Amino acid sequence: MDTSVNNISNILAKADLTKQDIVSLLKSNVEDRNELYRKSALIKEEFVGKYTYYRGLIEFSNICAKNCYYCGIRLDNKNTSRYELDEKTILSAVQFAYENNYGSVVLQGGEREDKVFVEKIDSLLKKIKKLSNGELGVTLSLGEQTKDVYNRWRESGAHRYLLRIESSNIDLYYKLHPNNKKHNFERRLEALQTLQTLEYQTGTGVMIGLPFQTYEDLANDLLFFRDFDIDMVGMGPYIEHAETPLFQHKEKLLPLTERFNLSLKMIAILRLLMKDINIAAATALQAIDPIGREKALKVGANIIMPNITPTINRKNYLLYENKPCIDEGADDCTNCLEARINIAGDTIGYGKKGDSKHYYKRISKKK
Ligand code: 5AD
Ligand code: SF4
Ligand code: FES
């Protein structure tokens, strides 16, 4: 008798997964992992439906004040040519998303806290609201800010925020970031809490397959999302970038395909743990496998962020190597993705915001 299948079936039948269960699932062999994927696909279908929602991603600036050790656009990388899109260019990308029924956009950029930046975002948010009659969902991914700034942006029209914790293990966090005022684990946790208090749909995430990261770390990351009552998660494989300090540890890394497989397992397990949240199929998956994002949709993810950044700027927003779609335009990605998602068996939620169901439950519990 094959005891491993038995064991996996027992784990998958449980109402609550322990850390040890999660570690076993993360280490599962091909057969067991396929059983996990069958279960997570069913849960996705039952709780959020076989839908994929779009978030048109606008990488509007690669100017960043921070120095994360893993990231290609960190302040100290002098080999990146820096850009910042003007308002008109950003709004025309937003218009594209609106006309193509994307439902939502994400404004992502390097982290800055200066006044000019804060004002620029504020003004953009108001214009996006006007341009789309308040119909487009707007997610911000602009790092740590003060409560006042988060509040201001919320009032001007942002209703979702992504701030990855990168790793929930504080020791590992400081292997990935300098330990100083600008990079502080507690501040990041506080920022996430503030976003929740301000009633943002709050998203976080981690990188998978980092040097020094253990299976226990990854299991704890998933439990962290659950205990923090997070509404959305975006997580994907760590991909080394030659012009970053973390590159020196590349010998310690798992092969790319294993980082990819671990990422899919993380998504599937998260769908078991948090049935009604939004889970993104991270772009980094596609840097490893040409149909990586579609594979993620099949095992539990329900969000895709098509890149709608103007093509000339895409080559400069390289957080990691091998980033896909850098020569394509927004139209190319739209057509390409539609075919891929249909093959994955999902319907695209055109024209829908695709809000996190979990968020509404969380908010109603509070009231
Ligand atoms: N590999 C994978 N993901 C990365 N990010 C930054 N650098 C890398 C990398 N080298 C992710 C971080 C960040 C998000 C915007 O991009 O998790 O939060
Ligand atoms: Fe800046 Fe974000 Fe890259 Fe860190 S991960 S260096 S905050 S863009
Ligand atoms: Fe960008 Fe296919 S999604 S080219």
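First, a word on scope: everything that follows refers to the structure included in this document. (Residues numbered from 1 in each chain as written. Chains lettered and ligands numbered in written order. Predicted model: local features only at pLDDT ≥ 70, side-chain atom pairs only at ≥ 80, totals over all residues. Heavy atoms only, no water.)

**Some remarks on the pairing of strand S8 (residues 232-237)**
Consideration 1: For S8, the buried fraction is high: six of the six residues fall into the buried class.
Consideration 2: Where strand S6 (residues 201-204) meets S8, two bridges bridge the pair, whose relative direction is parallel. The residue of S8 that forms the bridge with Thr204 is Val233.
Consideration 3: The pairing of strand S7 (residues 207-208) with S8 spans two bridges and is parallel. Bridge pairing in S8 links Ile208 to Pro237.
Consideration 4: Viewed along the sheet, the connection from S7 through helix H9 (residues 215-228) into S8 turns out right-handed.
Consideration 5: One ladder, built from four bridges, connects S8 with strand S9 (residues 278-281); its direction is parallel. From the neighbouring strand, Met235 faces S9, where its bridge partner is Ala281.
Consideration 6: Note that the unit made of S8, helix H10 (residues 256-273) and S9 has a crossover that is right-handed. (Buried < 20%, exposed > 50% of the residue type's maximum accessible area, 1.4 Å probe, protein only. Helix = DSSP H or I, 4+ residues; strand = E, 2+ residues; numbered from the N terminus. Pairing = 2+ DSSP bridges. Right-handed = clockwise from strand over helix to strand, strands pointing away.)

**Observations regarding helix H3 (residues 30-47)**
Consideration 1: An ideal rise of 1.5 Å per residue puts 26 Å on 18 residues; H3 measures up with 26 Å between its terminal C-alpha atoms.
Consideration 2: Turning to H3, its buried residues are Asp32, Arg33, Leu36, Tyr37, Ser40, Ile43 and Lys44. Taken end-on, H3 shows its buried residues confined to a sector of 140 degrees, consistent with a single buried face. Within H3, the exposed residues directed more than 90 degrees away from the buried face are Glu31, Arg38, Leu42 and Glu46.
Consideration 3: Two residues or fewer past H3, Gly49 is found with a positive phi of approximately 85 degrees. (Expected span 1.5 Å × (residues − 1). Arc of directions from axis to C-beta.)

**With respect to the site of ligand 2**
Consideration 1: Neighbouring ligand 2 are Cys64, Lys66, Cys68, Tyr70, Cys71, Ile73, Arg74 and Glu111.
Consideration 2: Using a 2 Å cut-off from the grid points, one finds that ligand 2 occupies the largest cavity. (Near = heavy atom within 4 Å. 1 Å grid on protein atoms, 1.4 Å probe; cavity = no way out; pocket = protein on both sides within 12 Å on 5 of 7 lines; lining within 4 Å. Sits in = over half its atoms within 2 Å of the grid points.)

**Quick notes on the side chain of Ser356**
Consideration 1: Counting through the fold element by element, Ser356 comes out in the loop between strand S11 (347-348) and helix H15 (357-366).
Consideration 2: If near-sequence neighbours (up to four positions away) are discounted, Ser356 is found in contact with Gln201, Asp231, Met232, Asp276, Ile277 and Asn278. (Contact = heavy atoms within 4.5 Å.)

**Digging into the pattern of salt bridges**
Consideration 1: Taken as a whole, this structure holds 26 salt bridges when the rule is applied.
Consideration 2: For Lys250, the salt bridge identified is with Glu251, shortest N-O distance 3.9 Å.
Consideration 3: In this structure Lys250 comes out as partly exposed when scored by relative accessible area, which is 37%.
Consideration 4: The exposure class of Glu251 is exposed, given its relative accessible area of 69%. (Salt bridge = Lys/Arg side-chain N within 4 Å of Asp/Glu carboxyl O.)

**Things to note about empty space enclosed by the protein**
Consideration 1: The final tally for this structure, using the stated rule, is two cavities of 30 Å³ or more.
Consideration 2: The computed volume of the largest cavity comes to approximately 1000 Å³.
Consideration 3: Along the walls of the largest cavity sit 47 residues, with Gln108, Ser141, Arg164, Glu166 and Leu319 positioned nearest its centre.
Consideration 4: With five residues, the top contributor of residues to the lining of the largest cavity is S8.
Consideration 5: Thr283, Arg293, Met305, Asn307 and Cys325 are, among the 13 residues lining the second largest cavity, the residues nearest its centre. (Points joined across faces, edges and corners; volume = space filled by probe spheres on them.)

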